[in-house]
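Summary of structural features
Spelled out, the chains give:
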Amino acid sequence: MKKTELMAKQILVTGGTGYIGSHTVVELQNQGFEVVIVDNLSNSQIEVLDNIEKITGIRPAFEQFDLAERDKTDGFFQKYSNVEAIIHFAAYKAVGESVDKPLEYYRNNLVSLMNLLESMKKYDVKHMVFSSSCTVYGQPETLPVTEQTPRQEAESPYGNTKAICEDIMRDFCKANEALNCIALRYFNPIGAHESTLIGELPVGVPNNLVPFITQTAAGLRKELSIFGDDYDTPDGTAIRDYINVVDLAKAHVVAIDRLLNDKTKQNYEYFNVGTGDGYSVMQLVKSFIKVTGVELNYKVVGRRTGDIEKIWADTSYGNAELGWKAEKTLDETLLSAWKWEKNVRGLS
Ligand code: UFG
């Protein structure tokens, strides 16, 4: 018997040292899955592996390379012949940067997906979960958004890569009946693991609201700018559906279970992954101050270009089909983000 035949089936997690990827690796390992991570470390640190090991007692296998490189991707699947399913997180994700560097975004995000899909066919890997985004809905006319809400033209090249990647998966699944893929459309992931060992660590000035808040509270930033208070919302600030990253990670585990245990209704499916509740920027800021008891300097400035006014998910289809529901409250999630920030900065 060949050595590989003695090994357990594995889940390949691309981007597994990143923010959502690392939390998902923890949840997979907690459920007994064997994981191999591929990451080029372009936006994450190798030390994340130590922290995953501290949390779960297991160090996942790790390979560092860029999935946009076809021969390296091939080499990976030749070496890891027991990969049974893929969770594909690895992608560029900064909305603003994608406007300045569209070709980099299209090349990286599209080519890596296509390389993986080709490999699935070649090396007989049947299952994939893909990181999509609620950005594919743009500013919907009716709220909350269901999976049937029409997609709209993307606001940014980043958003467009998510829509195109969904289409590539749909078409490839249509042409290859043996494949089974699920796209998860995330709303706004926030928070950190309760251990405070893994969390979001943006490089440079954060673009996203919660890391900007926690860095301001920690004294790294002078003040938070709230982008716009003249939206058509109860307090005038924009509304989003903020989902706890551990809840989101668990949605990936149930999606994997759905694929591996043949519970899918079609061989390409997509689900909203949110809480179903919308909170305004001002509500979130006030909740943060309330639960942490820290001071937060903030001021209202003009709207940010490209922002939508409001969006939140209708989660009923995903809840029913996946048997999954977001569990954590906004308050506990904000507290987890603050505990993580304090741990990273060495604050008590
Ligand atoms: N915001 C501020 N001040 C900040 C940062 C953000 O007021 O310093 C506001 C934004 O204007 C927005 C809300 O906080 O109203 C949330 O902004 P984020 O940047 O945290 O998140 P976005 O909703 O803009 O973007 C997120 C993901 C994208 C994804 C998009 C889909 O970061 O990857 O949701 O809507 F595409």
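Read on for an overview of the structure.

The rules behind each value
- Residues numbered from 1 in each chain as written.
- Predicted model: local features only at pLDDT ≥ 70, side-chain atom pairs only at ≥ 80, totals over all residues.
- Heavy atoms only, no water.
- Helix = DSSP H or I, 4+ residues; strand = E, 2+ residues; numbered from the N terminus.
- Rg over C-alpha atoms; globule rule 2.2 N^0.38 Å.
- Buried < 20%, exposed > 50% of the residue type's maximum accessible area, 1.4 Å probe, protein only.
- Contact = heavy atoms within 4.5 Å.
- Disulfide = S-S within 2.5 Å.
- Salt bridge = Lys/Arg side-chain N within 4 Å of Asp/Glu carboxyl O.
- Pairing = 2+ DSSP bridges.
- Axes fitted to C-alpha atoms, helices over the stretch in contact; angles between N-to-C directions.
- Right-handed = clockwise from strand over helix to strand, strands pointing away.
- Parallel < 35°, antiparallel > 145°, perpendicular 65-115°, else oblique.
- Left-handed = near helix turned anticlockwise from the far one by under 90°.
- Nonpolar A, V, L, I, M, F, W, Y, C, P; charged D, E, K, R; others polar.
- Near = heavy atom within 4 Å.
- Phe/Tyr/Trp six-rings, centres within 6.5 Å; stacked < 30°, edge-to-face > 60°.

Observations concerning the overall build of the chain
Looking only at helices and strands, one finds 11 helices and 13 strands in the chain. Against the globule reference of 20 Å for 348 residues, the chain gives a C-alpha radius of gyration of 20 Å, in line with a compact fold. Counting only C-alpha atoms and orienting by the principal axes, one finds that the chain spans roughly 65 × 45 × 40 Å. Counting over 348 residues, the chain shows a buried share of 51%. For the chain, the proportion of contacts with a sequence separation of at least 24, taken over those separated by at least 6, is 79%.

A look at the state of the cysteines
What makes a disulfide is a covalent bond joining the sulfur atoms belonging to two cysteines. A complete count under the given rule lists zero disulfides for this structure. Here Cys 165 stays free of any disulfide, with the sulfur of Cys 181 as its closest cysteine sulfur at 12 Å. By relative accessible area, Cys 165 is classed as buried at 2%. Cys 173 forms no disulfide, and the closest cysteine sulfur to it belongs to Cys 181, at a distance of 3.4 Å.

A few points about the pattern of salt bridges
The full count for this structure, using the stated rule, is 25 salt bridges. In this structure, Lys 101 engages Glu 97 in a salt bridge whose closest nitrogen and oxygen atoms are separated by 3.8 Å. With a relative accessible area of 36%, Lys 101 lands in the partly exposed category. We note a salt bridge from Lys 263 to Asp 257, for which the minimum N-O separation is 2.4 Å. Here the salt bridges share partners, and the residues they tie into one network are Arg 151, Glu 166, Asp 167, Arg 170, Asp 171 and Arg 185.

Some words on the sheet that holds strand S5 (residues 127-133)
Pairing between the strands of a sheet comes from backbone hydrogen bonds, and it takes one of two forms, parallel or antiparallel. Strand order in the open sheet formed by seven strands is S3-S2-S1-S4-S5-S6-S11, and the pairing between neighbours is parallel. This sheet does not close on itself; its edge strands, each paired only once, are strand S3 (61-63) and strand S11 (268-273). Here the average twist between neighbouring strands, direction ignored, is 20°. The pairing of strand S6 (residues 180-186) with S11 spans six bridges and is classified as parallel. Following the sheet pairing, Arg 185 is matched in S11 by Asn 272.

Some remarks on the pairing of S5
A regular strand places its side chains so that they alternate between the two faces of the sheet. Counting buried positions over the seven residues of S5 gives seven, a clear majority of the element. Burial along S5 is two-sided: His 127, Val 129, Ser 131 and Ser 133 facing one way and Met 128, Phe 130 and Ser 132 facing the other are all buried. Here strand S4 (residues 83-88) pairs with S5 via four bridges, running parallel. The partner of Ile 87 across the bridge, within S5, is Val 129. The pairing of S5 with S6 spans seven bridges and is parallel. Bridge pairing in S6 places Val 129 opposite Ile 182. Crossover connection from S5 via helix H6 (residues 157-175) to parallel S6: handedness right-handed.

A look at the packing of helix H9 (residues 281-292) against helix H11 (residues 330-345)
Put simply, H9 and H11 touch, their axes get as near as 9 Å, and they point 70° apart. By the angle class used here, H9 and H11 are roughly perpendicular. Viewed along their axes, H9 and H11 form a crossing whose handedness is right-handed. For the pair H9 and H11, the contacting residues are Leu 284, Ser 287, Phe 288, Lys 290, Val 291 and Thr 292 in the first and Leu 330, Asp 331, Leu 334, Leu 335 and Trp 338 in the second. Partitioning the contact of H9 with H11 into residue classes produces seven nonpolar, two polar and two charged.

Describing the site of the ligand
For the ligand, the set of nearby residues contains 19 residues, the closest of which are Asn 208, Leu 209, Ser 225, Arg 240 and Asp 307. By residue number, the principal contributor to the shell around the ligand is strand S8 (residues 224-227), which donates four residues. Broken down by class, the residue content of the shell around the ligand amounts to 10 nonpolar, six polar and three charged.

Focus: the environment of Lys 265
Checked against the element boundaries, Lys 265 lands in the loop between helix H8 (245-260) and S11. Along the chain, Lys 265 and Asn 180 lie 85 residues apart, while their C-alpha atoms are 9.9 Å from each other.

Re the packing of aromatic side chains
Per the counting criterion, the structure on display carries eight aromatic pairs. Aromatic side chains Phe 76 and Tyr 80 sit 4.7 Å apart centroid to centroid with 20° between the ring planes, which places their arrangement in the stacked category. For the pair Phe 76 and Tyr 80, one class covers both residues: buried. Plain terms: the ring middles of Phe 271 and Tyr 317 are 5.3 Å apart, the flat faces sit at 20° to each other, and that makes the pair stacked. With Phe 271 in strand S11 and Tyr 317 in helix H10 (residues 316-322), this pair connects stretches of sequence that are 46 residues apart. The class for Phe 271 is buried, based on a relative accessible area of 0%. Put simply, the rings of Phe 65, Phe 76, Phe 77, Tyr 80 and Tyr 123 touch in pairs and so form one group of aromatic residues.

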